[in-house]
Amino acid sequence: MALLYVALGATWLPPSGRALLDAALLVSFTLVERATVVPLDNRLPAPVTGRGRTALQALCAVGVGLAGVWLLGEVMPGELTTLGWGVAASGLFLLGFAVHERWYRFVGLGVLAFTLGRLMFVDLSGLPPDQRILTFLMLGVMLLAVSYVYTRVRAPRG
């Protein structure tokens, strides 16, 4: 795990040309988290149990989130950074629902919070008032959709 974080930190230093490494780190963090949770044989217990499992899941989910944000930061043009972060948050939500892990959803919420902060304080400062109004309307619709999907998928069926 520490080796994966060192590699993730190393991708931050030199600019450009690291999209493949970021993608490999995203997959590696996901595989490490899945390998510690899912037993290899149904007759054997999970490899990591208790608090260690929860901490490892949380660290892996944060690693997946960081690698995803940095990957989309490499792939997307500079003026679409906020959109890339929103796509990363959506991907983390989908991954969390697909593997039934709340840590990915929590990291997705964190990435979404940073995305909203960047949108509010960086991106909207240069827009004229009519485009700001349109942006806030679209943002409201997006947040309503996220909360609806999150509630519907997460709610117990009964």
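What you see is a predicted model; the values in this text were computed from it and never measured.

Enquirer: Mind showing me how you'd approach the nonpolar core here?
Expert: Most often, soluble globular proteins have nonpolar side chains that are buried together. L8, L92 and V111 are the most contacted members of the largest nonpolar core, which totals 20 residues. At the level of secondary structure, the elements contributing two or more residues to this core comprise α1 (2-10), α2 (19-37), α3 (50-75), α4 (81-99) and α5 (102-123). When residues in this core are grouped by element, the largest group, six residues, is from α3. If we ignore the near neighbours within four places in the chain, the residues touching L92 are V64, G65, Y104, R105, V107, G108 and V111.

Enquirer: I tried to follow the packing of α4 against α5 on my own but got confused; where do I start?
Expert: How two helices pack is summed up by the angle between their axes together with the distance between the axes. In contact at an axis separation of 8 Å, α4 and α5 are set at 165° when each is read in the N-to-C sense. Between α4 and α5, the interaxial angle falls into the category roughly antiparallel. The two elements α4 and α5 cross, and the hand of that crossing is left-handed. Here T81, T82, W85, G86, A88, A89, L92, F93, L95, G96, F97 and V99 of α4 lie close against α5, whose contacting residues are Y104, R105, V107, G108, L109, V111, L112, F114, T115, R118, L119 and D123. Classifying every residue of the contact of α4 with α5 by side-chain character gives 15 nonpolar, six polar and three charged.

Enquirer: Looking at this structure, how should I read α5?
Expert: Along an α-helix, residues three or four positions apart point the same way, because every turn accommodates 3.6 residues. For α5, with 22 residues, the first-to-last C-alpha span of 30 Å sits near the 32 Å given by 1.5 Å per residue. Regarding α5, the residues found buried are Y104, R105, V107, G108, V111, L112, T115 and L119. Taken around the axis of α5, the buried residues stretch over an arc of 160°, which confines them to a single face. Away from its buried face, by an angle of more than 90 degrees, α5 presents the exposed residues F114 and F121.

Enquirer: Would you mind showing me how to read the packing of aromatic side chains here?
Expert: Between two aromatic rings, the relevant description is the distance of the centres plus the angle of the planes. Across all of its chains, the model carries one aromatic pair by this definition. Their ring planes at 85° and their centres at 5.7 Å tell us that W103 and F106 sit as a pair that is edge-to-face. Of the two residues, W103 and F106 both sit in helix α5, three residues apart, roughly one turn of that helix. In this structure, R102 is placed above the aromatic ring of W103, and the distance from its NZ or CZ to the ring centre is 5.0 Å. Between the NZ or CZ atom of R118 and the centre of the ring of W85, over which it lies, the distance is 5.6 Å.

Procedures and definitions
Residues numbered from 1 in each chain as written. Predicted model: local features only at pLDDT ≥ 70, side-chain atom pairs only at ≥ 80, totals over all residues. Heavy atoms only, no water. Core = buried A, V, L, I, M, F, W, Y, C linked by side-chain atoms within 4.5 Å. Buried < 20%, exposed > 50% of the residue type's maximum accessible area, 1.4 Å probe, protein only. Helix = DSSP H or I, 4+ residues; strand = E, 2+ residues; numbered from the N terminus. Contact = heavy atoms within 4.5 Å. Axes fitted to C-alpha atoms, helices over the stretch in contact; angles between N-to-C directions. Parallel < 35°, antiparallel > 145°, perpendicular 65-115°, else oblique. Left-handed = near helix turned anticlockwise from the far one by under 90°. Nonpolar A, V, L, I, M, F, W, Y, C, P; charged D, E, K, R; others polar. Expected span 1.5 Å × (residues − 1). Arc of directions from axis to C-beta. Phe/Tyr/Trp six-rings, centres within 6.5 Å; stacked < 30°, edge-to-face > 60°. Lys NZ or Arg CZ within 6 Å of the ring centre and 35° of its normal.

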